[in-house]
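Examining the three-dimensional arrangement
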Amino acid sequence: MFAFASQAADAPVAVVNGVSIAARLMDRNVQANVAQGQKDTPELRAALKQELVARELMVQEAQKRGLDKLPTTQDALLAMRQNLLIELVLNDEFTKNPISEAELKTEYERQVKALKAAGDLQQFQISTIVLATEADARSVMTAMRSGQAFDDLAKSRSMDPSKDKGGDLGWFLPDQIAPAISNVVVNLAPGAVSAAPIQVGPYWHVVKLAGKRPYQVPGFDESKNLLQSAVVQNRRTALLKKLTDAAVVK
């Protein structure tokens, strides 16, 4: 009886040209859909089965054409495998050794100490209009000199998502901004616009300093998300150093 139950649970969802689709794949797909608010119904399972069969058919066709043997395919599959295994080993590391409140507080104190050592810090509220070419950027600056508002030009001309907020990017410390921009804004008066377009990568920015204020260190509770990220990175770096020290690399 128990053997029969086990065999039933392990029975494939479908067999496509002799290739079995394991029941666990259906279970995972059902769980993912239920987690997103759907109900586990026969209709859902039928749709998921159809999708699994379709995917297998496409995979078989790719293999029939030899696409899985191409060097570019092999390289992409290797990278995907590496990324998955790296994610799994990090998840395993944090499952076995969860980040503690004490660890977060230690990182918070380290960051606060570093900020205090840096002396008086200023935060800058920056707005930007991002354009494809220098000529476009200079055209926007000409429009401003003729009286058009920065916010309106940002909404009508900028390529950046911040256009919906008139180009407002929020508040930053100088080292959180691209150097080409921070070197300019630290010397601007609040309300002033950069004297010339600023190139960052392939794009050109017309930048406005909307405001400036002394930096206030955020409290521990409101910093937790950033602290979590910092601890994860620290742990990852420590694990990689441990592995590197123990490895034989020629």
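Up top you'll find the structure we're talking about.
Per chain, the residues get numbers from 1 upward, laid out in the order the sequence is written. Selection of residues for local features in this predicted model requires a pLDDT of at least 70, selection of side-chain atom pairs for listing and counting requires 80 or more, and totals for whole chains, interfaces and linings are taken over all residues. By convention in this description, side-chain values take in all heavy atoms of the structure and omit both hydrogens and water.

1. Comments concerning the sheet that holds strand 4 (residues 168-172)
The pairing of strands in a sheet happens through backbone hydrogen bonds and is either parallel or antiparallel. Where we set the bar: By the convention used here, strands pair only if DSSP detects at least 2 bridges between them. Here a helix means four or more residues in a row that DSSP labels H or I, a strand means two or more in a row labelled E, and each is numbered from the N terminus. Angles here are taken between N-to-C directions and fall from 0 to 180 degrees, while the axes themselves are lines fitted to C-alpha atoms, restricted in helices to the stretch in contact. We call two residues in contact whenever any of their non-hydrogen atoms come within 4.5 Å of each other.
The sheet built from four strands is open, its strands ordered 4-3-6-5 with antiparallel pairing. The open sheet has two edge strands with one neighbour each: strand 4 and strand 5 (198-200). On average, each strand axis in the sheet is tilted by 40° relative to the strand beside it, whichever way the strands run. Bridge count for strand 5 against strand 6 (residues 203-214) is three bridges, and the pairing is antiparallel. Paired with I198 across the strands is H205, a residue of strand 6. Strand contacts of helix 6 (residues 134-145): strand 3 (122-131) and strand 6, with the helix running at about 50° to strand 6, the strand carrying the most contacts. Packing against the sheet, helix 7 (residues 150-157) makes contact with strand 3 and strand 6, and its axis sits at approximately 45° to strand 3.

2. A short note on the pairing of strand 3
Spelled out, the test is: Any residue under 20% of the maximum accessible area for its type is buried, any over 50% is exposed, and the rest in between are partly exposed; the area is computed with a 1.4 Å probe on protein chains only.
Taken across its ten residues, strand 3 has nine buried, putting it largely inside the fold. Inspection of the sheet shows strand 3 paired to strand 6 by ten bridges, in the antiparallel sense. Looking across to strand 6, one finds that L131 is bridged to W204. With four bridges joining them, strand 3 and strand 4 adopt antiparallel strand pairing. Of the residues in strand 4, the one forming a bridge with F124 is F172.

3. Here's the deal with the side chain of S194
The line we're drawing: Between N or O atoms, a polar contact is any pair within 3.5 Å; within protein, one atom must be a potential hydrogen donor and the other a potential acceptor, and residues adjacent in sequence are included only when both atoms are from side chains.
Within the fold, S194 resides in the loop between helix 8 (179-185) and strand 5. From its side chain, S194 meets the backbone oxygen of A196 in a polar contact 3.2 Å long.

4. Looking at the packing of helix 4 (residues 71-96) against helix 9 (residues 224-246)
Each pair of packed helices can be summarised by the angle the axes make with each other and by the distance between the axes. Where we set the bar: Reported orientations rely on four angle classes, namely roughly parallel under 35 degrees, roughly antiparallel over 145, roughly perpendicular from 65 to 115, and oblique for the rest. Each residue is assigned to one class: nonpolar for Ala, Val, Leu, Ile, Met, Phe, Trp, Tyr, Cys and Pro, charged for Asp, Glu, Lys and Arg, and polar for all the others, Gly among them.
With their axes 11 Å apart at the nearest point, helix 4 and helix 9 run at an angle of 110° to one another. In this view, helix 4 runs roughly perpendicular relative to helix 9, as classed from their interaxial angle. Here helix 4 contributes I86, L90, E93 and F94 to the contact with helix 9, which in turn contributes V232, R235, R236 and L239. For the contact of helix 4 with helix 9, the per-class residue count stands at five nonpolar, no polar and three charged.

5. Observations concerning the side chain of R235
When you line up the elements, R235 lands in helix 9. Reaching out from R235, the side chain makes a polar contact with the backbone oxygen of P98 at a distance of 3.5 Å. Setting aside residues no more than four positions away along its own chain, R235 makes contact with E93, F94, N97, P98, I99 and E103.

6. Some words on the layout of surface pockets
The condition is simple: Only protein atoms enter the 1 Å grid used here. Points where a 1.4 Å probe fits but cannot escape make up a cavity, open sets with protein on both sides within 12 Å along at least five of seven lines make up a pocket, and a residue lines them when an atom lies within 4 Å of a point. Grid points are joined across faces, edges and corners, and a volume is the space filled by probe spheres set on the points.
Volume-wise, the largest pocket comes out at about 510 Å³. Around the largest pocket, the lining is made up of 20 residues, and of these Q111, L173, Q176, Y215 and L226 lie nearest the centre. A breakdown of the residues in the lining of the largest pocket according to their chemical character gives 13 nonpolar, four polar and three charged. Here the second largest pocket defines a volume of roughly 170 Å³. As for the second largest pocket, its lining consists of S20, I21, A22, L25, L52, R55, E56 and V59. Counting residues per element, the ones that place at least two in the lining of the second largest pocket are strand 2 (19-21) and helix 3 (42-64). Residues belonging to the lining of the second largest pocket are distributed by class as follows: five nonpolar, one polar and two charged.

7. Some details on unusual backbone geometry
The residue N17 is not glycine, and still its phi comes out positive at about 50°. With respect to the element layout, N17 can be found in the loop between strand 1 (14-16) and strand 2.

8. Quick look at the packing of aromatic side chains
To keep things clear, this is the line we draw: Pairing of aromatic side chains here covers Phe, Tyr and the six-membered ring of Trp, requires ring centres within 6.5 Å, and sorts the geometry by plane angle: under 30 degrees stacked, over 60 edge-to-face, intermediate tilted. Any Lys NZ or Arg CZ that is within 6 Å of a ring centre and within 35 degrees of that ring's normal is treated as a charge sitting over the ring.
As enumerated under the stated definition, the model contains one aromatic pair in all. Note on Y108 and F220: the rings are 5.7 Å apart at their centroids and 75° apart in plane angle, and the pair reads as edge-to-face. Of the two residues, Y108 sits in helix 5 (residues 101-117) while F220 sits in the loop between strand 6 and helix 9, which places them 112 residues apart along the sequence. Positioned over the ring face of F220 is K105, at 5.8 Å from the centre of the ring.

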